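Fold and contact review
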Amino acid sequence: MHRPTALGGALAALATAAAGVLVAAAVSTSPAAAASGGTGTGYLHTSGNKIVDSTGATVRLTGINWFGMETDNKTFHGLWSSNPWRGQLDTMARLGYNTLRIPYSNDALKPGATATGINDFVNPDLVGLSPLQILDKVIDYAGGKGMRVILDRHRPTAAGQSPLWYTSTVSEATWIADWKMLAQRYANNPTVIGADLHNEPHAEGTNPAATGACWGCGDTARDWRLAAERAGNAILGVQPNWLIFVEGVSCPSGGLSNVWDNDPSNDEDCGWWGGNLSKAGQFPVRLNVANRLVYSPHEYATSVYEQTWFKDPSYPANLPAIWDKYWGYLYKQNIAPIMMGEFGSTLADPRDKVWLQNLMAYTGTGVTGMSFTYWSWNPNSGDTGGIALDDWTNINTTKQAILQPYLIAPVGGGGPGPTPTGTGSPSPTNPPPSGACTATYKQVNAWAGGFQGELTVKNTGTGAVNPWSVTWTWPSGVTLASGWNATVTQSGGTVTAAAPEWSRTLAAGASVTIGFTANGTAAAPASVKLAGTAC
């Protein structure tokens, strides 16, 4: 996200990328397993203006940004809250966000980098981990919920965003080398689908003395299109299955217009930082691997900056033509897919609600619509606020209600979003289970006065259980602190894990893993039952 300053006709949206985390809770899945359903199967590629999976089925990414790894904390914000990191992801998936865009800075990737701002009591499994190790865990858990992950090089350093992809302290070589490292690290994990190369390239300097990112100007030190080709091809050399997400610039010349010099020849049409792809049709990004390019504009409302079009008498009828001009034409002319990487607002101004409603309608409905990742999960994004409220647990229902009809939930994430056919899904009716179940317990962590565990229950019966519930007992003195992947409660010595609304059915042969933290001396669950049947 950005805090813009406008010079001449240019919007400078200065992003303080805070990536809010909503976590999804669900059935245990191997993190490297291919996702399916809402986000497709296997690695993704492009076909015209569509993103498709390994079977050729159309996929729509309807995601959210969770920032923090690009800041001084070097890891996700909100880990300081009372909501465990898994609980936040559970919520995101339940709401229908099938993709997580994760901003980072190169500082967070350095050897010896330290993650800060973590509540150790609710996140004991993160104690002592590096920023990359925490990223590994988030990717692993998100993948188990059927979510996809896009990595976003948001800033060269934690100090702030940069107009160009390199600075005096972070070279182009470092930028590319770090991308190659990440591509290698996640090369065999189809949860991670691609690289958003650099966040919000934008203009700097006043024309004709432009020093910022241009598009198609041919200057290798400033032409973002050429830099995107160099980095994109380097990444594809390591991991040819990744999508390459390329943002726009703000002013194609790379400089701000001087509207006071009485010389209109150096004035131009500028847009949001990262949001102007008006030259991409004429000067396309050329990659060595076909069907890997996705254009990823950013789009904001008045809470970020008061653009001229928000004050136009024809507002909001003027918006589609503006979006067509800056980036929508690439989709409408079947040139390439669009994945709107950032868009958001506080909705404090009534015009912004109208803007968001019109923008979502512009992206289209159902699985064939344009992809997007909303900014942001984080409530601490200064320009927009978040989907999560300040407690990082409850949500902003006004924003969610506008986005909800366009969300396609991940398999395992559930939620009330539309099905790909738009016809809805009937509530399942399943026979009672016959047979039994098995239970496996793993203690994940322990500390003075408490412990963390995972109880995996498999339905070994011949029928599905709907709704499923698991119960177990603990000895006196052991009390539940938190739980995930189910609604977990305790009464006396008995603990009940009830199926969440979005994942009520446990099929024959399927397993569910219930995670929890507890107070007291570590003890394994005893007398485990699935729907009243002893395991």
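Residues numbered from 1 in each chain as written. Predicted model: local features only at pLDDT ≥ 70, side-chain atom pairs only at ≥ 80, totals over all residues. Heavy atoms only, no water.

**Some details on the overall build of the chain**
Helix and strand content of the chain: seven helices and 25 strands. Per-residue burial for the chain yields a buried fraction of 58% across its 535 residues. If you take every contact in the chain between residues at least 6 apart in sequence, the share linking residues at least 24 apart comes to 76%. When the accessible surface of the chain is split by element, carbon and sulfur atoms take 53% of a total near 18600 Å². (Helix = DSSP H or I, 4+ residues; strand = E, 2+ residues; numbered from the N terminus. Buried < 20%, exposed > 50% of the residue type's maximum accessible area, 1.4 Å probe, protein only. Contact = heavy atoms within 4.5 Å. Areas by Shrake-Rupley, 256 points an atom, 1.4 Å probe, with all protein chains shown as cover.)

**Focus on the state of the cysteines**
Counting across every chain of the model gives three disulfides. Here Cys 251 is linked by a disulfide to Cys 270, with a sulfur-sulfur distance of 2.1 Å. Since a negative S-S torsion denotes a left-handed disulfide, the Cys 251-Cys 270 link at about 120 degrees is right-handed. On the criterion of sequence distance, the pair formed by Cys 251 in the loop between strand 11 (243–246) and strand 12 (293–295) and Cys 270 in the loop between strand 11 and strand 12 is long-range, its members being 19 residues apart. The partner cysteine of Cys 437 in its disulfide is Cys 535, sulfur to sulfur 1.9 Å. For the disulfide bridge between Cys 437 and Cys 535, the dihedral angle about the S-S bond is near -100 degrees, and by the sign convention the bridge is left-handed. Here Cys 437, found in strand 17 (residues 437–447), pairs with Cys 535, found in the segment after strand 25 (533–534); they are 98 residues apart in sequence, far enough to count as distant. Given the relative accessible area of 6%, Cys 437 is considered buried. A relative accessible area of 37% means that Cys 535 is categorised as partly exposed. (Disulfide = S-S within 2.5 Å.)

**Things to note about the side chain of Glu 299**
For Glu 299, the position within the fold is in strand 13 (residues 298–300). For the buried Glu 299, no salt bridge is present, and the opposite-charge side chain at shortest range is Lys 325, 10 Å distant. Looking at Glu 299, its side chain comes within polar contact range of the side chain of Trp 323, at 2.8 Å. (Lys, Arg positive; Asp, Glu negative; His and termini not counted. Salt bridge = Lys/Arg side-chain N within 4 Å of Asp/Glu carboxyl O. Polar contact = N/O pair within 3.5 Å; in protein donor to acceptor, adjacent residues only side chain to side chain.)

**Quick notes on the sheet that holds strand 24 (residues 526–530)**
Ordered in space as 21-22-19-24-25, the five strands form an open sheet in which the pairing is antiparallel. Each end of this open sheet is capped by a strand with a single partner; those strands are strand 21 (487–491) and strand 25. Sheet topology note: the strand 19 (residues 469–473)/strand 24 ladder contains three bridges and is antiparallel. In the sheet register, Thr 473 faces strand 24, and the bridge partner there is Ala 526. (Pairing = 2+ DSSP bridges.)

**A few points about the sheet that holds strand 12**
Sheet architecture is open: eight strands sit in the order 12-11-10-9-8-7-16-14, paired in parallel fashion. Both edges of this open sheet fall to strand 12 and strand 14 (339–340), since each of them pairs with a single strand only. Across four bridges, the pairing between strand 9 (residues 148–155) and strand 10 (residues 192–196) is parallel. Across the sheet, Asp 152 pairs through a bridge with Asp 196, a residue of strand 10. The strands touched by helix 3 (residues 172–185) within the sheet are strand 8 (99–105), strand 9 and strand 10, with strand 9 carrying the most contacts at an inclination of about 160 degrees. (Axes fitted to C-alpha atoms, helices over the stretch in contact; angles between N-to-C directions.)

**Section: the packing of helix 2 (residues 131–144) against helix 3**
Relative to each other, helix 2 and helix 3 sit at 40 degrees, their axes nearing to 13 Å. In terms of orientation, helix 2 lies oblique with respect to helix 3. The two elements helix 2 and helix 3 cross, and the hand of that crossing is right-handed. Between helix 2, through Leu 132, Gln 133 and Asp 136, and helix 3, the contact on the second element is made entirely by Met 181, Leu 182 and Arg 185. Its residues placed into classes, the contact of helix 2 with helix 3 shows three nonpolar, one polar and two charged. (Parallel < 35°, antiparallel > 145°, perpendicular 65-115°, else oblique. Left-handed = near helix turned anticlockwise from the far one by under 90°. Nonpolar A, V, L, I, M, F, W, Y, C, P; charged D, E, K, R; others polar.)

**Remarks on helix 1 (residues 85–95)**
Counting buried positions along helix 1 gives ten out of eleven residues, so the element sits mostly inside the fold. Those residues of helix 1 lying buried are Trp 85, Arg 86, Gly 87, Gln 88, Leu 89, Asp 90, Thr 91, Met 92, Ala 93 and Leu 95. Downstream of helix 1 by a residue or two, Gly 96 has a phi angle that is positive, lying close to 115 degrees.

**Points about the packing of aromatic side chains**
One pair of aromatic rings is described through two measures. These are the centre distance and the angle between the planes. Scanning the entire structure with this criterion turns up 27 aromatic pairs. Geometrically, the ring pair formed by Trp 272 and Phe 310 is tilted, given 6.5 Å between the ring centres and 45 degrees between the ring planes. Taken together, the residues span a long stretch of sequence, with Trp 272 in the loop between strand 11 and strand 12 and Phe 310 in the loop between strand 13 and helix 5 (319–332) at a distance of 38 residues. Its relative accessible area of 2% is what places Phe 310 among the buried residues. The structure contains a cluster of three or more aromatic residues connected by ring pairs, namely Trp 272, Tyr 300, Trp 309, Phe 310, Tyr 315 and Tyr 326. Arg 86 extends its terminal NZ or CZ atom over the ring of Tyr 141, reaching a point 5.6 Å from the ring centre. Its guanidinium or amino end placed over the ring of Tyr 326, Lys 325 lies 4.7 Å from that ring's centre, counting from NZ or CZ. (Phe/Tyr/Trp six-rings, centres within 6.5 Å; stacked < 30°, edge-to-face > 60°. Lys NZ or Arg CZ within 6 Å of the ring centre and 35° of its normal.)

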